[in-house]
Amino acid sequence: MRINMKESLKKYLEYLDSDEEFSFKVRMEAEWDDEAYQEFIRLTMAVINDYKDDHLVPIPVALFFTTGLKQLTGMVTNPLFFKTASPEYETLVRRRVAELEDLQQQFLSGELFARS
């Protein structure tokens, strides 16, 4: 049952169920779509920002940071992922992986939920 679900979480859940979901696209297309990545981060951060004062983390967001992120980074750091890629593409992906790992650390430490 979803009681008083904020709009950001509704959009995030709709996004997770779509073919446009970033991790799904990476799995299916075996390539990094940076626009899709940025949309995913925007939606994720919107949920975190909307819920940071509620002292709870929606389960789908928690699952991404605790299990989904490792699966995603495992796929895109596999040497086969870069087999035919340009050096620029590999640099972009590795930079984004570092961003994701930094976000994960901020999530796990609670820093993402610090009130500003």
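Relevant structure appears above.
(A) Layout of the environment of Pro58. Locating Pro58 in the fold gives a position in the loop between helix H3 (34-51) and helix H4 (59-76). Looking at Pro58, the relative accessible area reads 9%, which means it is buried. Along the backbone, Pro58 and Val47 are 11 residues apart, and their C-alpha atoms lie at a distance of 8.1 Å.

(B) Focus on the packing of aromatic side chains. A complete count under the given rule lists 12 aromatic pairs for this structure. For the pair Phe22 and Tyr37, a centre-to-centre distance of 5.7 Å together with 65° between the ring planes defines the contact as edge-to-face. A residue pair is termed long-range when its members are at least 10 positions apart, and Phe22 in helix H2 (residues 22-29) and Tyr37 in helix H3 qualify at 15 residues. With relative accessibility at 3%, the residue Tyr37 sits in the buried group. On the basis of an interplanar angle of 25° and a centroid distance of 6.2 Å, the ring pair of Phe81 and Tyr89 is categorised as stacked.

(C) Quick peek at the side chain of Asp34. Assignment of secondary structure puts Asp34 in helix H3. Among the residues examined, Asp34 registers a relative accessible area of 16% and is labelled buried. At 2.9 Å, the side chain of Asp34 and the side chain of Trp32 are in polar contact. Of the polar contacts made by the side chain of Asp34, one reaches the side chain of Arg96; its length is 2.7 Å. In this view, Asp34 contacts Leu92 and Arg96; residues no more than four positions away in its chain are not counted.

(D) Geometry of helix H1 (residues 7-16). Those residues of H1 not exposed but buried are Ser8, Leu9, Tyr12, Leu13 and Tyr15. End-on view of H1: buried residues confined to an arc of 160°, all on one side of the axis. Where H1 is buried, its residues contact H2, H3 and H4.

Cut-offs used in this document
Residues numbered from 1 in each chain as written. Predicted model: local features only at pLDDT ≥ 70, side-chain atom pairs only at ≥ 80, totals over all residues. Heavy atoms only, no water. Helix = DSSP H or I, 4+ residues; strand = E, 2+ residues; numbered from the N terminus. Buried < 20%, exposed > 50% of the residue type's maximum accessible area, 1.4 Å probe, protein only. Phe/Tyr/Trp six-rings, centres within 6.5 Å; stacked < 30°, edge-to-face > 60°. Polar contact = N/O pair within 3.5 Å; in protein donor to acceptor, adjacent residues only side chain to side chain. Contact = heavy atoms within 4.5 Å. Arc of directions from axis to C-beta.

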